[in-house]
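What follows is the residue order along each chain.
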Amino acid sequence: MSRWTIDEPTTLDFDGVVMLKATLVAGNISVLATDDRPSVHVGDVTGRPLLVSHDAGMLTISHEMLEGVLGWLRHERTSVTVTVMVPRECPVQLNLVSADAVITGLSARTSIKTGSGDVTLDGVTGQIDANTVSGVIETQGLDGTVSFNSVSGDLALAGGSLDRLAAKSVSGKIAADIRLSPGSQVQVNTVSGEVALRLPASTSAEVDLNSVAGRVETAFPELHRSERPVARGVTGTLGDGSGRLSVNTVSGSVTLLRRPDPAPLAGAPDVED
């Protein structure tokens, strides 16, 4: 095992990385996919040093802790700026208190736990597990599955395609403008958080949208409104109904928007012999 204690700007290179685990309290971390040699680039370091270890391909990054996170926060401000370059297929596990994160181009499992830090994922595919108290999770160009849990943190999905979405929140907002893969399963549950989804006109899914006290609206004419003794909702079938879309909230509003399908690509011009 190789270990480093870092308290100033430093760059480290590695022969190979098969998994990344990072635990940070404050600052920011960027995890970027690369086809070159894996590396860690440490910028500003404030407070406790940063500890880096590399053992049998496992790359671990964390702040030096003497009394646990709470004792550490009472004594001094600790922050770091770090950029990590790893192979595209490298699994990543981030544990953040208030640190922000940017993750791009990865294709393996990405696991995130954060208190108040904001996380941006760009072009990430595969399995994403995100748990936050009050941080915002934003994705762009996603392709794969998402599991999301929050207290008041928001989830925003822009572009890409989903095989599965399981999202739970107390008061956080959930917004998604995405495509659903054939047979996709989408389950969203909130207490008071608003839910807004925008899907292509050609989406195929069995739809069930419900709110006890909030409003439920849809732009899909195929769906019909249902009034129940303790809830209001919208149900019906889109396309061949191969997928499943279910939203349940107590007092949050639910909005399902419809967008045109993308125009087909123009055919290539004929080439004369």
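Quick note: structure is the one above.
All values derive from a computational prediction rather than experimental measurement.

## Details of the overall build of the protein
Here comes step 1: Counting secondary structure elements, the protein contains one helix and 23 strands.
Here comes step 2: In terms of overall dimensions, the protein has a C-alpha envelope of 70 × 60 × 25 Å along the principal axes.
Here comes step 3: Counting only residues that meet the buried cut, the protein has 46% of its 273 residues in that class.
Here comes step 4: Contacts spanning at least 24 positions in sequence make up 48% of the contacts within the protein whose residues lie at least 6 apart.
Here comes step 5: Accessible surface, the protein: about 12,900 Å² in total, of which carbon and sulfur atoms supply 50%.
Here comes step 6: Of the side chains in the protein, 21 bear a positive and 32 a negative charge, and the two mean positions are spaced by 10 Å.

## Considering the packing of aromatic side chains
Here comes step 1: For the structure shown, the criterion picks out one aromatic pair.
Here comes step 2: With 5.7 Å between their ring centres and 80 degrees between their planes, Trp4 and Phe14 make a pair best called edge-to-face. Taken together, the residues span a long stretch of sequence, with Trp4 in strand E1 (residues 2–6) and Phe14 in the loop between strand E2 (10–13) and strand E3 (19–24) at a distance of ten residues.
Here comes step 3: Using a relative accessible area of 29% as the deciding quantity, one classes Trp4 as partly exposed.

## Observations regarding the pairing of strand E4 (residues 27–33)
Here comes step 1: Summarising the sheet, E4 and strand E8 (residues 79–86) pair through seven bridges and their orientation is parallel. Looking at E8, one finds that Ala33 is bridged to Val86.
Here comes step 2: Two strands pair when backbone bridges link them, and E4 and strand E10 (residues 100–104) are joined in this way by five bridges, in the parallel orientation. Bridge pairing links Leu32 to Thr104 in E10.

Conventions used here
- Each chain carries its own residue numbering, running from 1 in the written order of its sequence.
- Confidence filtering applies because this is a predicted model: local features only for residues at pLDDT of at least 70, side-chain atom pairs given and counted only at 80 or more, and all residues used for totals across whole chains, interfaces and linings.
- The side-chain numbers reported here are obtained from all heavy atoms of the structure, hydrogens and water having been left aside.
- Counting from the N terminus, the helices are DSSP H or I runs at least four residues long and the strands are E runs at least two residues long.
- When a residue's accessible area, from a 1.4 Å probe over protein chains only, is under 20% of the maximum for its type it is buried; when over 50% it is exposed; and in between it is partly exposed.
- Here a residue-residue contact requires only that any non-hydrogen atoms of the pair lie within 4.5 Å.
- A 1.4 Å probe and the Shrake-Rupley method give the accessible areas. Residues count as covered only by the protein chains that appear here.
- For this count, His and the chain ends are skipped, Lys and Arg are scored as positive, and Asp and Glu as negative.
- Every charge is mapped onto a representative atom, which is NZ of Lys, CZ of Arg, CG of Asp or CD of Glu.
- Geometry of aromatic contacts follows a simple scheme: Phe, Tyr and Trp rings, the Trp one being its six-membered ring, pair when their centres are within 6.5 Å, and the pair is stacked under 30 degrees between planes, edge-to-face over 60, tilted otherwise.
- Should DSSP find at least two bridges between two strands, the strands are taken to pair.

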